[in-house]
Every structure is written in structure tokens, then in C-alpha cells.
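# Report on the structure
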Amino acid sequence: AQEKGAVSMTGTCLRRLRVAAGLLFLAGASAAFGADDPVARGTKLFEKRRYGEAAGVLRPYLSSAGPGAPGQAALVLGAAYLKNAVLHRALYRTSLAVHLDYLKKLSGERGRGGSSLADLYLGEALLAAGKPGEAKTRLTKFRSKAGKGTAEEAIASIDLGLCHYRLGEA
């Protein structure tokens, strides 16, 4: 009888062990499934401020999912695009400020190191920075020195026309 009880105890332990192993397997499978979920992966990348990578994960998912795709994926993708655009805009503004400083120094140099084109490039950079009044001054200065009929003089004339337009002048 003891032997029979030992066998049933072992059978019960084996059943419990099998159930526990099955539960662990299911938990592992659901964790692995969650890791393969593009929405969860894209959201984690977004939270880590890796906006380009998040968009790269979510874009193919949304295009393959069709019109009934989950709203969270579309929301995270839109937010990633927006944050990425904000970062690029800030980088552009910083780059423009550095570029303006450099061109102002170049334009101020005289003699052997000076360049007549520095005023043209400075005028274009000021125009891009939203300063048409300052750009107009630099472009007019360049046109007075530039040779007539050159490509650079034509570019300066076009940029000068844009300055007048942005200033509301005829």
C-alpha cells in the first residue's frame, strides 16, 4: 500500500510539475510575443527618444495592417514624426546660427583672405534665417562689386527680389 501511495504521490508531483512547466512556457511565449509586437517595440523606442527607429518599426506595420490598424500604433508613429521634425528644426536653427557667424567673419576679412562671394553667401543665409532687411544690405553690396552678367550676379538679383517681396516692397 505504501508503494501504491508513493506512486500516486509521484504522479501528483509529476502532474503539478507539468502544469507549472506549461504555465512557465505560456508566460515565456507571451513575453516573446510581446517582444515581437511592433507597437510595443515602437512605443519603447519612442520612450527612449529614438524617434527614427520607432517610425521605422511602426511604418511597415501600419502599411501592412490596413485601415483597421490599431490607433495606438498610428498615434505613436505620428508623435515620432513630430518629435523627429522638432529635433531636425532645432538642429537646423543651430546650424544656421553657426553658419551666419562664420560667414560674417569671412565677409569682414579684407585682403588676401577675403572673398567677394562671402557677401552673397551671407545674404542668402540671412534670407534663410528670416532677416530680409540685413540680407538686402549684403546682397546690394555684393551686386555693386560683382561683374555684370555673371551667374553670381543673377543669383544675387533673384535673392534681392525675394528680399523685397518679404519686406512688402515693390
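Source: prediction; values computed, not measured. (Residues numbered from 1 in each chain as written. Predicted model: local features only at pLDDT ≥ 70, side-chain atom pairs only at ≥ 80, totals over all residues. Heavy atoms only, no water.)

Turning to its location among the elements, K131 is positioned in the loop between helix 5 (117–128) and helix 6 (132–145). Classification of K131 as partly exposed rests on a relative accessible area of 33%. Sequence separation between K131 and R166 is 35 residues; the distance between their C-alpha atoms is 9.2 Å. (Helix = DSSP H or I, 4+ residues; strand = E, 2+ residues; numbered from the N terminus. Buried < 20%, exposed > 50% of the residue type's maximum accessible area, 1.4 Å probe, protein only.)

We now examine the environment of K104. Among the structural elements, K104 can be located in helix 4 (residues 71–108). You can call K104 partly exposed: its relative accessible area is 38%. With 15 residues separating them in the primary sequence, K104 and D119 have C-alpha atoms 8.3 Å apart. Setting aside anything within four residues of it in sequence, one finds K104 in contact with L122 and E134. (Contact = heavy atoms within 4.5 Å.)

Remark: helix 6 packs on helix 7 (residues 151–166), axes separated minimally by 9 Å, with the N-to-C direction vectors making an angle of 150°. Between helix 6 and helix 7, the angle falls in the class roughly antiparallel. Relative to helix 7, the crossing made by helix 6 is left-handed. Residues P132, A135, K136, L139, T140, F142 and R143 of helix 6 form the contact with helix 7, whose participating residues are E152, E153, A156, S157, D159, L160, C163, H164 and R166. For the contact of helix 6 with helix 7, the class distribution of residues is 7 nonpolar, 3 polar and 6 charged. (Axes fitted to C-alpha atoms, helices over the stretch in contact; angles between N-to-C directions. Parallel < 35°, antiparallel > 145°, perpendicular 65-115°, else oblique. Left-handed = near helix turned anticlockwise from the far one by under 90°. Nonpolar A, V, L, I, M, F, W, Y, C, P; charged D, E, K, R; others polar.)

Mapped onto the elements of the fold, E153 is located in helix 7. What E153 contacts, discounting residues up to four positions off in sequence, is F142, R143, A146 and G147.

Its identity as a non-glycine residue notwithstanding, R49 has a phi of 65°, on the positive side. As for its placement among the helices and strands, R49 is situated in the loop between helix 2 (38–47) and helix 3 (51–65). Using a relative accessible area of 66% as the deciding quantity, one classes R49 as exposed.

The first and last C-alpha atoms of helix 5 sit 17 Å apart over 12 residues, in line with the 16 Å expected at 1.5 Å per residue. Buried residues along helix 5 sit in contact with helix 4, helix 6 and helix 7. Note on helix 5: the residue one or two positions beyond its end, G130, has a positive phi of about 85°. (Expected span 1.5 Å × (residues − 1).)

We now examine the pattern of salt bridges. Within this structure, the stated rule accounts for 6 salt bridges. Of the charged contacts, one joins D119 and K141 as a salt bridge, the two residues approaching to 3.8 Å between their closest N and O atoms. In this pair, D119 sits in helix 5 while K141 sits in helix 6, placing the two residues 22 residues apart along the sequence. Among the salt bridges present, the one from D119 reaches K145, with a minimum N-O distance of 4.0 Å. (Salt bridge = Lys/Arg side-chain N within 4 Å of Asp/Glu carboxyl O.)

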